[in-house]
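Letter by letter, the chains look like this.
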Amino acid sequence: MPDLLWDDVKDFFDPDLMGSLPDVYIQNTTVDDLQALFDMVLKSCWAWEFSDGDTTAPLPTAAEIFARPADAECVYLRVRPAPDVLAIFRPYASDEIWFDIDLRELQGQERLDLLCGFFTAIGRRLGKPVCMTPEMGQEPVLGFEPTAGRVVLLADPRRP
């Protein structure tokens with residue numbers, strides 16, 4: 001049984017309504033949480049690439065990322081939970097893990113199920129909610145809820 005049904009949430013995946021790159025975040029995190037995410041990515045079958053500015057590099061530890069000078073290049077961890085689905089993690093601060101996804105890659109029930117599985121894997125590993133908001137939005141529309149153990153609606157899908 002899917003966590004969510006496409007027909008119920010498709011408006012949350014409309015790039016014209018939500019922006020094409022909604023924000024996904026996990027709040028109240030620590031450096032250890034980011035390291036747990038890195039460890040999960042390394043052990044998964046997901047393709048990934050880490051870059052420091054424009055240069056591809058080996059994945060450092062989370063502690064090494066936050067020990068960098070304030071004016072250092074931006075770092076990115078690109079994770080592909082499926083060949084043509086991309087999540088881009090941008091570790092800016094240790095108290096929140098933030099990434100975005102491209103809604104154009106996430107159309108239909110099969111892709112929604114894949115996204116729910118990705119959010120669930122991360123949320124279970126960290127034991128924290130994983131929330132998706134519209135691009136540059138404030139209020140989450142859906143996300144993994146640890147107490148429910150699955151992805152749930154956090155807003156009315158008829159009002160994105």
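Presented here is an overview of the structure given in this document.

Quick notes on the rules
- Every chain begins its residue count from 1, and numbering advances along the sequence as written.
- Thresholds applied to this predicted model are a pLDDT of at least 70 for local features of residues and 80 or more for the giving and counting of side-chain atom pairs; totals over whole chains, interfaces and linings are not thresholded and use all residues.
- Remark: hydrogens and water are excluded; side-chain values derive from all non-hydrogen atoms of the structure.
- The convention used is that axes are lines fitted to C-alpha atoms, helices contributing only their stretch in contact, and that angles between N-to-C directions extend from 0 to 180 degrees.
- Helical segments are the DSSP runs of H or I of at least four residues, strand segments are the runs of E of at least two, and each set is numbered from the N terminus.
- Should an angle lie under 35 degrees it is considered roughly parallel, over 145 roughly antiparallel, and from 65 to 115 roughly perpendicular; all remaining angles are considered oblique.
- By the definition used in this description, the sense in which the near helix is turned from the far one sets the handedness, with an anticlockwise turn below a right angle giving left-handed and a clockwise turn giving right-handed.
- The contact criterion used is simple: two residues touch if any of their non-hydrogen atoms lie within 4.5 Å.
- Under the scheme applied, nonpolar residues are Ala, Val, Leu, Ile, Met, Phe, Trp, Tyr, Cys and Pro; charged residues are Asp, Glu, Lys and Arg; polar residues are all the others, including Gly.
- Paired strands are those between which DSSP finds at least two bridges.
- Both cavities and pockets are sets of points on a 1 Å grid over the protein atoms alone; in a cavity a 1.4 Å probe fits but cannot get out, in a pocket the set is open with protein on both sides within 12 Å along at least five of seven lines, and lining residues sit with an atom within 4 Å of a point.
- Grid points are joined across faces, edges and corners, and a volume is the space filled by probe spheres set on the points.

1. Considerations on the packing of helix H3 (residues 31–43) against helix H5 (residues 109–126)
In contact at an axis separation of 10 Å, H3 and H5 are set at 130 degrees when each is read in the N-to-C sense. Between H3 and H5, the interaxial angle falls into the category oblique. Considering the relative orientation of H3 and H5, their crossing is right-handed. Along the contact surface, H3 presents Asp33, Ala36, Leu37, Asp39 and Met40, while H5 presents Ala121, Ile122, Arg125 and Leu126. Broken down by class, the residue content of the contact of H3 with H5 amounts to six nonpolar, no polar and three charged.

2. Overview of the sheet that holds strand E3 (residues 55–57)
Read from one edge to the other, the open sheet built from nine strands follows the order E3-E2-E4-E5-E6-E1-E7-E8-E9, with strand pairing classed as antiparallel. The sheet terminates laterally at E3 and strand E9 (150–153), the two strands that pair on one side only. For this sheet the average axis-to-axis angle between neighbouring strands, irrespective of direction, equals 25 degrees. Here strand E7 (residues 130–133) runs beside strand E8 (residues 142–145); their pairing, made up of three bridges, is antiparallel. Bridge assignment links Val130 to a residue of E8, and that residue is Phe144. Along the sheet, H5 contacts strand E1 (23–27), strand E4 (75–82), strand E5 (85–89), strand E6 (96–101), E7, E8 and E9; its crossing angle with E6, the most-contacted strand, is approximately 170 degrees.

3. With respect to empty space enclosed by the protein
Per the stated rule, a full pass over the model turns up one cavity of 30 Å³ or more. By volume, the largest cavity amounts to about 50 Å³. Of all the elements, E6 adds the most residues to the lining of the largest cavity, at three residues. Taken together, the residues that form the lining of the largest cavity break down as seven nonpolar, one polar and two charged.

These figures capture arrangement, not role.
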